[in-house]
Amino acid sequence: MSSAAQIPNTRTASYEADPEQVHRVLLLYSGGLDTSVMLKWIQDSYGAEVVCLTVNLGQPGEDYSVIEGKALQLGALECHIVDAREQFAKEYLVPAIKANAVYGDGYPLFTALGRPLIAKLAVEYARKTSCDTIAHGCTGKGNDQVRIEATIATLAPELKVIAPVRSWQMGREEEIAYAREHGIPIKGGAEATPYSIDDNLWGRSSEGRWIEDLEHAPDDDVFQLVTRPELAPDEPQTVTIDFERGVPVALDGMRLGLVELIEVAAEIGARHGVGILDHIEDRIVGLKVRDIYEAPAAALILPAHRELERLVCTIHQNQFKGDLDRQWGYLVYAGLWWEPLRSDLDAYMNEVNERVTGSIGLKLYKGHARVVTRSSPNAVYDASLASFSESGGLFSQTASPGFIELWSLQSRMAWRLRNE
């Protein structure tokens, strides 16, 4: 494909780019096969200049100087490398921790949390570098296209979007052939990546190959972050996480910065096989899919936070907040980070978490993390009241029969009416 006239012009949304008006493109660039092919393809197909943006959210094993050099070698005008780990942790992971954020009873939203920040940075750098269009490498079957494009359309209505993977009709073999034809180095020198991987500080996802076969048990080679539980240490380890106002601040009594704390928690959890999730997920675009997730940091921090919150809140707060947590997680999963309801919910999350200060001990053993100790100056707990010993004061056992009679009154009346 060599001219913009050959690009399918089937726009269905106002923010999609008219090929004739694409002159300078901000490409979200990872250095992998898809975006490297995309970098060359945009130049050839649109006759456009390309500026690359690579965002570091804590992906392990990346050499960003190599990524930058590759982008410039392939014709990018510029390649900006942004270390956004601190911003990601403070502005996205902290609200997620306060909201005990998971989707579908398991997925801790690490990709969903990263995409709005990546798209926000794309908007900032597109404006700085006078780009008229933003390009991303998402497919038409995933949630990430929703998260990125909804962010761009919200924050920068003047910018347009192109998503070549949705339109260019190239599978992986065709991409490899295109790369060979145009002298594009393939990341790692491999011509076939076993899995489609996405990772950041909060976790790692794997898709593709046998994962799409629901009757296929996980192959061992998929686990590149978390130790398989059967190979984890034979001795358990107890780790204590300290929170202040809902934010994790220390591990085993050692105060750490947020990014370092998450990294250390991930290393400890991964060593003990904690954080593996084989998950069936309902995507926003209507598909039901299977994903393999490895999220050792989230698998320690979220249960610890949830337990401490449960300790310091009343029964009514705990019952109510669970519903809000699920709504918060759904909005983020669905790509609606900028929805006002999400920030409205944050106000409640922040208020509740003002008292979520204390320590939670977790015992880690061969894939499991179990809460074993709890302490907080704000605990709604009194050992003398909870004891089965004789107690008075705030709790009078002799008052219980009257309470039971009134508490069960309507239920007893209804039972009689139905059974007499």
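Just above, that's the structure.
Residues numbered from 1 in each chain as written. Predicted model: local features only at pLDDT ≥ 70, side-chain atom pairs only at ≥ 80, totals over all residues. Heavy atoms only, no water.

What to know about the packing of aromatic side chains
Heads up, the rule is: Between 30 and 60 degrees the pair is tilted, below 30 it is stacked and above 60 it is edge-to-face, where a pair is any two Phe, Tyr or Trp rings, Trp via its six-membered ring, whose centres lie within 6.5 Å. Helical segments are the DSSP runs of H or I of at least four residues, strand segments are the runs of E of at least two, and each set is numbered from the N terminus. Burial classes: relative accessible area under 20% of the type maximum marks a residue as buried, over 50% as exposed, and values in between as partly exposed (1.4 Å probe, protein chains only). Ring-over charges, as used throughout, are those where CZ of Arg or NZ of Lys falls within 6 Å of the ring centre and within 35 degrees of the ring normal.
The final tally for this structure, using the stated rule, is 13 aromatic pairs. On the numbers, 6.0 Å between centres and 85° between planes, the contact of Tyr195 with Trp210 is edge-to-face. Of the two residues, Tyr195 is situated in the loop between helix 7 (172-181) and strand 6 (196-200) and Trp210 in the loop between strand 7 (203-207) and strand 8 (237-244); the sequence distance between them amounts to 15 residues. With a relative accessible area of 7%, Tyr195 lands in the buried category. Cluster of aromatic residues (ring-pair linked, three or more members): Tyr103, Tyr107, Phe110, Tyr293 and Tyr333. Note that Arg209 overlies the ring of Tyr195, its terminal NZ or CZ placed 5.0 Å from the centroid. Lying over the aromatic face of Trp337, Arg342 brings its terminal NZ or CZ to 3.7 Å of the ring centre.

As for the pairing of strand 13 (residues 358-365)
Keep this limit in mind: A pair of strands is considered paired only if DSSP assigns at least 2 bridges between the two.
Sheet analysis places strand 8 next to strand 13, joined by seven bridges and oriented antiparallel. Of the residues in strand 13, the one forming a bridge with Phe243 is Gly358. When strand 13 meets strand 14 (residues 368-375), the two strands line up antiparallel, connected through seven bridges. Across the sheet, the residue bridging to Leu364 is Ala369, located in strand 14. Count of turn residues in the strand 13/strand 14 antiparallel hairpin: two residues, of which Lys366 carries a positive phi of about 45°.

Description of the packing of helix 8 (residues 258-271) against helix 9 (residues 296-312)
Inclusion rule: In this analysis an axis means a line fitted to C-alpha atoms, helices contributing only their contacting stretch, and an angle means the value between N-to-C directions, from 0 to 180 degrees. Each angle receives one of four descriptions, namely roughly parallel if under 35 degrees, roughly antiparallel if over 145, roughly perpendicular if within 65 to 115, and oblique otherwise. Between two residues, a contact is recorded if the distance between any of their heavy atoms is within 4.5 Å. Just so you know the grouping, Ala, Val, Leu, Ile, Met, Phe, Trp, Tyr, Cys and Pro go in nonpolar, Asp, Glu, Lys and Arg go in charged, and all remaining residues, Gly too, go in polar.
Packing of helix 8 against helix 9 leaves a shortest axis separation of 7 Å and a crossing angle of 105°. Taken together, the axis directions place helix 8 and helix 9 in an arrangement best described as roughly perpendicular. On the side of helix 8, the interface is formed by Leu261, Ile262, Ala265, Ala266, Gly269 and Ala270, while helix 9 contributes Pro296, Ala297, Leu300 and Ile301. Looking at the contact of helix 8 with helix 9, its residues break down into nine nonpolar, one polar and no charged.

Here's the deal with the pattern of salt bridges
Condition: A carboxyl oxygen of Asp or Glu within 4 Å of a side-chain nitrogen of Lys or Arg is what we treat as a salt bridge.
Tallying each qualifying case throughout the model produces 28 salt bridges. Here Lys366 and Asp234 are joined by a salt bridge, their closest N and O atoms 3.0 Å apart. Taken together, the residues span a long stretch of sequence, with Lys366 in the loop between strand 13 and strand 14 and Asp234 in the loop between strand 7 and strand 8 at a distance of 132 residues. Shared partners join several salt bridges into a network, and the residues in it are Arg115, Asp144, Arg147 and Asp198.

Points about the layout of surface pockets
If a probe the size of a water molecule is rolled over the atoms, the empty space left behind becomes visible. What counts is decided by this rule: Computed over the protein atoms alone on a 1 Å grid, cavities are sets of points where a 1.4 Å probe fits but cannot get out and pockets are open sets with protein on both sides within 12 Å along at least five of seven lines; a residue lines them when it has an atom within 4 Å of a point. Grid points are joined across faces, edges and corners, and a volume is the space filled by probe spheres set on the points.
Of the voids in this model, the second largest pocket is the one considered here, and its volume is about 650 Å³. Around the second largest pocket, the lining is made up of 28 residues, and of these Asn100, Val102, Asp105, Gly106 and Arg306 lie nearest the centre. Counted by class, the lining of the second largest pocket contains 14 nonpolar, seven polar and seven charged residues.

Thoughts on helix 10 (residues 315-333)
How we decide: Expected span, for any helix, means 1.5 Å times one less than how many residues it has.
Its 19 residues give helix 10 an end-to-end C-alpha distance of 27 Å, which sits within 8% of 27 Å, the value for a rise of 1.5 Å per residue. Regarding helix 10, the residues found buried are Lys321, Gly322, Leu324, Asp325, Trp328, Gly329, Leu331, Val332 and Tyr333. Looking at the buried residues of helix 10, the elements they touch are helix 3 (85-98), helix 4 (110-128), helix 5 (144-155), strand 11 (276-282), helix 9 and helix 11 (340-353). Backbone geometry just downstream of helix 10 places Gly335 in the positive-phi region, at approximately 80°.

A word on the sheet that holds strand 7
Within a sheet, neighbouring strands are paired by backbone hydrogen bonds and run either parallel or antiparallel to one another. Spatial ordering of the open sheet is given by 6-7-12-11, a layout of four strands whose pairing is antiparallel. Edge positions in the open sheet fall to strand 6 and strand 11, since each of these has one partner strand only. Taken over all neighbouring pairs, the strand axes of this sheet differ in orientation by 25° on average, direction set aside. Inspection of the sheet shows strand 6 paired to strand 7 by five bridges, in the antiparallel sense. Residue pairing across strands places Ile197 opposite Ser206, the latter belonging to strand 7. Those strands touched by helix 4 are strand 6, strand 7 and strand 12 (288-294), and its axis lies near 75° from that of strand 6.

What to know about the side chain of Glu307
On the secondary structure map, Glu307 appears in helix 9. The class of Glu307 is buried, set by a relative accessible area of 14%. The residues contacting Glu307, other than those within four sequence positions of it, are Ile360, Val371 and Arg374.

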